[in-house]
There are 2 protein chains.
Amino acid sequence: MAATIKDIAQKTGLGLATISSYLNGGNLREKNREKIEQAIKELNFEVNETARGLKTNKTKTIGVVIPELNNVFCAEIIIEMEDILRQHGYATIICDCRTNKDIEKEAIDFLYRKRVDGIINMPVNVDGNHLKSFIKAKKPIILIDRKINGLDCDCVLVDNLTAVKDAIGILIKNGHSKIGIISGPEEIFTAQERLLGYRLALLEAGIVPEERFIAHGDYTIQGGMKCIEELIKKNPDMTAVFVSNYEMTMGTVIGINELGIKIPENISVIGFDNIEFARACKPKLAIVTQPTKKIGVNVAEIMLNRISGNPEDKKILKLQTGFLNGNSIQEVKLPSI
Amino acid sequence: MAATIKDIAQKTGLGLATISSYLNGGNLREKNREKIEQAIKELNFEVNETARGLKTNKTKTIGVVIPELNNVFCAEIIIEMEDILRQHGYATIICDCRTNKDIEKEAIDFLYRKRVDGIINMPVNVDGNHLKSFIKAKKPIILIDRKINGLDCDCVLVDNLTAVKDAIGILIKNGHSKIGIISGPEEIFTAQERLLGYRLALLEAGIVPEERFIAHGDYTIQGGMKCIEELIKKNPDMTAVFVSNYEMTMGTVIGINELGIKIPENISVIGFDNIEFARACKPKLAIVTQPTKKIGVNVAEIMLNRISGNPEDKKILKLQTGFLNGNSIQEVKLPSI
DNA sequence: CTGAAAGCGCTAACAT
DNA sequence: ATGTTAGCGCTTTCAG
């Protein structure tokens, strides 16, 4: 068995409270401090966080529920959060719900039973019912990337609307007007925002959005492949396409390659996320980049802040995206009259 | 405050032990069972795993320490493990040590303090000192992908030697003899195995391996780029290259693209991991694939087994890789005499 | 089958 | 500054 504070109390001849005080940064006589430190070393003592947690009603553990861990966007955010949280003594329990509402609910319940101190969620379920237990327990909830209407909690979002609007704007400036979009699932918050950005950009340029140019994918590679094939088949006049997440961007590139079509000669492409993939593409892909690191840092800091009891009003942070140019956009020559 | 078994004991008029017995699947009178179930529902009772953990000296939590979470190989294994472990009531605390030995040690110590029931590690440190605490505590350790000499624990590995030997064999069969390899860091177990596979394949074909064809990368995209540039500059006669992990494969493709060199006309390429990336490449990349899902399943099952007290001899599992063909290999025409 | 009581390792009053 | 004590919520003897 591992040593306990009792053992070190015995060894040093001090009381339990003194040891506990030492462990929690209290003041004590230099001599006793030394004694304790030596005993700790000799007995190889390590605080039992489980016991501490039972007493303090805090587990120093944060639950994270995301749709897909092998989604690079998710993974990069998590890395950043986990690092910061661990440095503050917090463990992160990550649950991948495979974009499945039922699994998501189960995961949240699971984490509730584990008594995590707070929950970070990139929600699949849009009604927020799965988070009820945490709301009732008044434990902090932070939403990433997607807002849930009517749920009062901190959110760290990305300005998807502007991101897509600007990207479509670039295509328009290059003379494109028959522009396709591979959007996400209709009920997903970010997908709606991105689609809205697409529509706005077109309207502002005096182009009427047509439904035939809009495909709804499921944010997977396979989905991206299917969508691009459909779009191309349905719209021989389409000259450009915007893809609204990384996995579908990869799928689009695969689909285009396998159809034997050329970027940008036959079709211009703007993708999403993952700078490395964009550079590995031939030709180099123009993409919208998301501030994953920033998101992770912000989420972690807000969580730490909430846990330490800050009651201020819930924040909704909206971070800006970037744009990485490539060689996947070709200017459309307008027919000279 | 959340309800405790005391509350439900009071509400039902039963003793604590009866409730506990119910919670742990014991036998009790049908009538009491119903009473308890109703009380649980009414009070919204959920077992406090922290308290249970303090008593049972088990946290139902597994620690996972890996070099890089945004390494697709790691992420895919983790997804699988986490899923299985959670289904069995185990939480997974994941720590990304950024391929840094010091952070790795810290992470393991952190998890030890958290009293995780077992540890899963894709080790960065090759001497195994960081795992001492778990060895002393006799808690199960499972190593993924890399063995540590002298450490008696379960390992789930991949047959890297055969994988690379076969891949190089394919290049040789296509007439290549000036074959480069972008290997991993020299001290890493898998890198050594893969390099050995390369050497063996050449030797068996009667080709003497030359140091100038061997580059040591660091398993990152940047590293891959640097290595391919060096290799090409140093060896104008090189006709093929094998890359020994996914990130460096991506880096290699980026590097080759940016040098303006053509695959496979100027250089044949065999990469590693990630089927989707291979398909997204132009031309489609031939790659060695790793059985990530199988690894994850095996690791989770072995862990569950060990935790439940199975004392049988430690296993070393060696899983086989696959090969996905592409259009990145060109036959070398031998000069006719 | 069920109840009473002890105790897991720690923290937090409260005394001293 | 330090010791004493109670108790966090659960499991687990031990009686009954």
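The rules behind the values
Residues numbered from 1 in each chain as written. Chains lettered and ligands numbered in written order. Predicted model: local features only at pLDDT ≥ 70, side-chain atom pairs only at ≥ 80, totals over all residues. Heavy atoms only, no water. Near = heavy atom within 4 Å. Polar contact = N/O pair within 3.5 Å; in protein donor to acceptor, adjacent residues only side chain to side chain. Helix = DSSP H or I, 4+ residues; strand = E, 2+ residues; numbered from the N terminus. Nonpolar A, V, L, I, M, F, W, Y, C, P; charged D, E, K, R; others polar. Buried < 20%, exposed > 50% of the residue type's maximum accessible area, 1.4 Å probe, protein only. Pairing = 2+ DSSP bridges. Axes fitted to C-alpha atoms, helices over the stretch in contact; angles between N-to-C directions. Contact = heavy atoms within 4.5 Å. Core = buried A, V, L, I, M, F, W, Y, C linked by side-chain atoms within 4.5 Å. Expected span 1.5 Å × (residues − 1). Arc of directions from axis to C-beta. Parallel < 35°, antiparallel > 145°, perpendicular 65-115°, else oblique. Left-handed = near helix turned anticlockwise from the far one by under 90°. Salt bridge = Lys/Arg side-chain N within 4 Å of Asp/Glu carboxyl O.

A.B. asks: Help me understand the protein's contact with DNA strand C in this model?
C.D. replies: The full set close to DNA strand C counts 25 residues, and Ile5 and Arg52 of chain A together with Gly15, Leu28 and Asn32 of chain B are the nearest of them. For DNA strand C, the fraction of protein-proximal atoms (within 4 Å) that sit in sugar or phosphate groups is 69%. Between DNA strand C and the protein, one listed contact pairs a phosphate oxygen with a backbone N or O atom of Asn27 of chain B at 3.1 Å. When contributions to the surface near DNA strand C are tallied by element, the ones reaching two or more residues are helix 1 (5–12), helix 2 (16–23) and helix 4 (49–56) of chain A together with helix 2 (16–23) and helix 4 (49–56) of chain B. Of all the elements, helix 4 of chain A adds the most residues to the surface near DNA strand C, at 4 residues. For the surface near DNA strand C, a count of residues per class yields 10 nonpolar, 10 polar and 5 charged.

A.B. asks: Mind showing me how you'd approach unusual backbone geometry here?
C.D. replies: Leave glycine aside and you will find that most residues have negative phi; peptide bonds, for their part, are mostly trans. Geometrically, the link from Ile263 of chain A to Pro264 of chain A is a cis peptide bond, its omega value of 0 degrees lying close to zero. Along the chain, the position of Pro264 of chain A falls in the loop between helix 11 (246–259) and strand 9 (268–272). With phi around 60 degrees, Arg115 of chain B is a residue other than glycine that occupies positive phi space. Along the chain, Arg115 of chain B turns up in the loop between helix 6 (101–113) and strand 3 (118–121). Judged by relative accessible area, which is 8%, Arg115 of chain B ranks as buried.

A.B. asks: I keep staring at the sheet that holds strand 7 (residues 214–216) of chain B and nothing clicks. Help me out?
C.D. replies: Remark on secondary structure: sheet strands pair via backbone hydrogen bonds, oriented parallel or antiparallel. Residues and elements named next belong to chain B. A sheet is described by the order of its strands in space; here 6 strands give the open sequence 7-6-8-9-10-12, paired in mixed fashion. Looking at strand neighbours, the two that pair on one side only are strand 7 and strand 12 (322–324), the edges of this open sheet. Taken over all neighbouring pairs, the strand axes of this sheet differ in orientation by 15 degrees on average, direction set aside. Contacts between helix 9 (residues 189–204) and the sheet are confined to strand 6 (179–183), strand 7 and strand 9 (268–272), with strand 6 contributing the most and set at about 170 degrees to the helix.

A.B. asks: Explain the nonpolar core to me, please; I cannot follow it from the model alone.
C.D. replies: Generally speaking, a soluble globular protein has its nonpolar side chains buried in company with each other. Ranked by size, the top nonpolar core spans 104 residues in total, and within it Ile168, Tyr198 and Phe277 of chain A together with Ile168, Tyr198 and Phe277 of chain B carry the most contacts. Not counting residues up to four positions away in its chain, the partners in contact with Phe277 of chain B are Met250, Phe277 and Ala280 of chain A together with Tyr246, Thr249, Met250, Val253 and Leu285 of chain B. Core analysis: the second largest hydrophobic core is formed by 57 residues, Ile295 and Val299 of chain A together with Ile62 and Leu85 of chain B among them.

A.B. asks: Hey, could you run me through helix 3 (residues 30–43) of chain B in this one?
C.D. replies: Along an α-helix, a turn takes 3.6 residues, which lines up residues three or four apart on a common side. Residue and element names in this part refer to chain B. With 14 residues, helix 3 should cover 20 Å at 1.5 Å per step; its first-to-last C-alpha distance of 20 Å lies within 8% of that length. Inspection of helix 3 places Asn32, Ile36, Ala39 and Ile40 among the buried residues, and these make up the whole buried set. When helix 3 is viewed along its axis, its buried side chains cluster within an angular range of 100 degrees and face the same direction. Seen from the buried face of helix 3, the exposed residues on the opposite side, beyond 90 degrees, are Lys31 and Lys41. Structurally, helix 3 contributes buried residues whose contacts are with helix 1 (5–12) and helix 2. Backbone geometry just after helix 3 places Asn44 at a positive phi near 60 degrees.

A.B. asks: How should the packing of helix 10 (residues 221–234) of chain A against helix 11 of chain A be read in this particular structure?
C.D. replies: Between two packed helices, what matters for the description is the angle formed by their axes and the separation of those axes. All names here are of chain A. Relative to each other, helix 10 and helix 11 sit at 50 degrees, their axes nearing to 7 Å. In terms of their interaxial angle, helix 10 and helix 11 are classed as oblique. Remark: the crossing between helix 10 and helix 11 carries right-handed chirality. Within the contact between the two elements, helix 10 uses Ile221, Gly224, Met225, Ile228, Glu229 and Ile232 and helix 11 uses Glu247, Met248, Met250, Gly251, Thr252, Ile254, Gly255, Ile256, Glu258 and Leu259. For the contact of helix 10 with helix 11, the residue count by class is 9 nonpolar, 4 polar and 3 charged.

A.B. asks: In this structure, what is going on with the pattern of salt bridges? I would like to understand it.
C.D. replies: Pairs can form between side chains of opposite charge once their charged atoms are near each other. All names here are of chain A. Tallying each qualifying case throughout the model produces 30 salt bridges over all chains. The partner of Lys165 in a salt bridge is Glu204, with the nearest N and O atoms 3.3 Å apart. Within this pair, whereas Lys165 is found in helix 8 (residues 160–173), its partner Glu204 is found in helix 9 (residues 189–204), the two being separated by 39 residues in sequence. One salt bridge connects Asp237 with Arg212, and the closest N-O pair in it is separated by 2.9 Å. Taken together, the residues span a long stretch of sequence, with Asp237 in the loop between helix 10 and strand 8 (240–243) and Arg212 in the loop between helix 9 and strand 7 (214–216) at a distance of 25 residues. On the accessibility criterion, Arg212 (26% relative accessible area) is partly exposed.

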